[in-house]
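Below are the chains, spelled out letter by letter.
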Amino acid sequence: MSFLHVQSPEDILNAKRLIVPGVGAFSAMMDVLNNNGMAEALSTYIEKDHPFLGICLGLQLVFESSEENGPVRGLGLIPGVVGRFDSSNGFRVPHIGWNALDIKKDSVILDDIAHRHVYFVHSYRAVPIPSLFTKYQLYP
Ligand SMILES: NC(=O)CC[C@H](N)C(=O)O
């Protein structure tokens, strides 16, 4: 399997599968994606039901908005917002380090990591409104 680092909206539209990784700030990411036409290309690509794997910030972007330096509008493909973790309960924010997953729904992409810990670096998380979406699946 060969991988291409996308450079243009056309690369996104021509992709057979797309992985959008994380790390970064939501508003800076959306500025770049809106200015270079990639936001529109991503929406078109995802709405055609092409395979899409968003990791952290790469997943956050499909929601309506993020509270990070905002509110800032996302692609709005999945109802819900990206909100900051509540630190008042004693949890440290940002959440940095290895932690277990609480898998709500089995998926082949999680088969190899289901019982291992994975590494997190984030202060925000997507809060979907499940009753309002049926089309896309979120994991875990
Ligand atoms: N790892 C990331 O992609 C972090 C995204 C975002 N800045 C957050 O803190 O949630």
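Above this text you will find the structure in question.
Here the structure is a predicted model, which is why all the values come from computation and not from measurement. Residue indices begin from 1 for each chain and proceed along its sequence in written order. Owing to the predicted nature of the model, reporting of local features is limited to residues with pLDDT of at least 70; listing and counting of side-chain atom pairs is limited to 80 or more, with chain, interface and lining totals taken over all residues. Note that water and hydrogens are dropped before the side-chain values are worked out from all heavy atoms of the structure.

Draft legend 1. View of the overall build of the protein. Counting its regular elements, the protein contains four helices and eight strands. Element order for the protein, N to C, with α for helix and β for strand: α-β-α-α-β-α-β-β-β-β-β-β. A radius of gyration in this sense is built from C-alpha atoms; the matching globule rule multiplies 2.2 Å by the number of residues raised to 0.38. The C-alpha radius of gyration computed for the protein amounts to 15 Å, which stays within 12% of the reference 14 Å derived for 140 residues, consistent with globular compactness. Here the C-alpha coordinates of the protein stretch approximately 45 × 35 × 30 Å along the principal axes. Relative accessible area decides the class of each residue, using a 1.4 Å probe on protein chains only: under 20% of the type maximum gives buried, over 50% gives exposed, and in between gives partly exposed. For the protein, the residues scored as buried account for 35% of the 140 residues in total. Summing over all exposed atoms, the protein offers an accessible surface of approximately 9400 Å²; the carbon and sulfur share of this is 54%. Secondary structure follows DSSP: runs of H or I at least 4 residues long count as helices, runs of E at least 2 residues long count as strands, and numbering of each begins at the N terminus. Values of accessible area rely on a 1.4 Å probe in the Shrake-Rupley scheme; residue burial ignores everything except the protein chains shown.

Draft legend 2. Region of the structure containing the nonpolar core. Put simply, a nonpolar core is a bunch of buried Ala, Val, Leu, Ile, Met, Phe, Trp, Tyr and Cys residues held in one set by side-chain atoms that sit within 4.5 Å of each other. Within the largest apolar cluster, 24 residues are counted, with the highest numbers of intra-cluster contacts made by Met 30, Leu 33, Leu 42, Leu 61 and Leu 75. Listing elements by their share of this core, those giving two or more residues are β1 (18-20), α2 (26-35), α3 (38-47) and β5 (78-84). Ranked by residues supplied to this core, first place goes to α3 with six residues. What Leu 61 contacts, discounting residues up to four positions off in sequence, is Val 20, Phe 26, Met 29, Met 30, Leu 33, Leu 42, Gly 74, Leu 75 and Gly 76. Whether two residues touch is decided by their heavy atoms; if any such pair falls within 4.5 Å, the residues are in contact.

Draft legend 3. Focus on the pairing of strand β7 (residues 118-122). Residue alternation in β7 divides its side chains into a buried set, Val 118, Phe 120 and His 122, and an unburied set, Tyr 119 and Val 121. A pair of strands is labelled paired if DSSP reports no fewer than 2 bridges between them. Across five bridges, the pairing between strand β6 (residues 95-99) and β7 is antiparallel. Paired with Asn 99 across the strands is Val 118, a residue of β7.

Draft legend 4. Examining unusual backbone geometry more closely. In this structure, Pro 71 follows Gly 70 across a cis peptide bond, with omega equal to 25°. Checked against the element boundaries, Pro 71 lands in the loop between β3 (63-66) and β4 (72-73). The omega angle of the peptide bond from Val 93 to Pro 94 is 10°, so this bond is cis rather than trans. Note on placement: Pro 94 falls in the loop between β5 and β6. Non-glycine residue Cys 56 carries a positive phi angle of around 55°. Look at Asn 69: it is not a glycine, yet its phi comes out positive at around 55°. Among the secondary structure elements, Asn 69 is positioned in the loop between β3 and β4. You can call Asn 69 exposed: its relative accessible area is 60%.

Draft legend 5. Structural context of the site of the ligand. Looking at the ligand, the residues that line it are Gly 22, Val 23, Gly 24, Cys 56, Leu 57, Gln 60, Glu 68, Val 121, His 122, Ser 123 and Tyr 124. Identification of polar contacts relies on pairs of N or O atoms within 3.5 Å, with a donor-acceptor requirement for protein atoms, meaning one able to donate a hydrogen and the other able to accept it, and with residues adjacent in sequence counted only if both atoms are side-chain atoms. Separating a nitrogen atom of the ligand from a backbone N or O atom of Gly 24 is a distance of 2.6 Å. Starting from 290 Å² of accessible surface for the ligand in isolation, the protein chains cover 92%. Think of a 1 Å grid over just the protein atoms. A cavity is a set of points where a 1.4 Å probe fits yet cannot get out, a pocket is an open set with protein on both sides within 12 Å along at least five of seven lines, and lining residues have an atom within 4 Å of a point. More than half of a molecule's atoms within 2 Å of the grid points is what it takes for that molecule to sit in a cavity or pocket. One can see that the ligand is located within the second largest pocket. Elements with a contribution of two residues or more to the shell around the ligand: α4 (57-60) and β7. The nearness test applies per residue and asks whether one of its heavy atoms lies within 4 Å of the molecule or strand.

Draft legend 6. Structural detail: the side chain of Ser 123. Its place among the elements puts Ser 123 in the loop between β7 and β8 (124-128). Judged by its relative accessible area of 15%, Ser 123 falls in the buried class. Excluding residues that lie within four positions of it along the chain, Ser 123 makes contacts with Gly 83, Arg 84, Phe 85, Val 93 and Pro 94.

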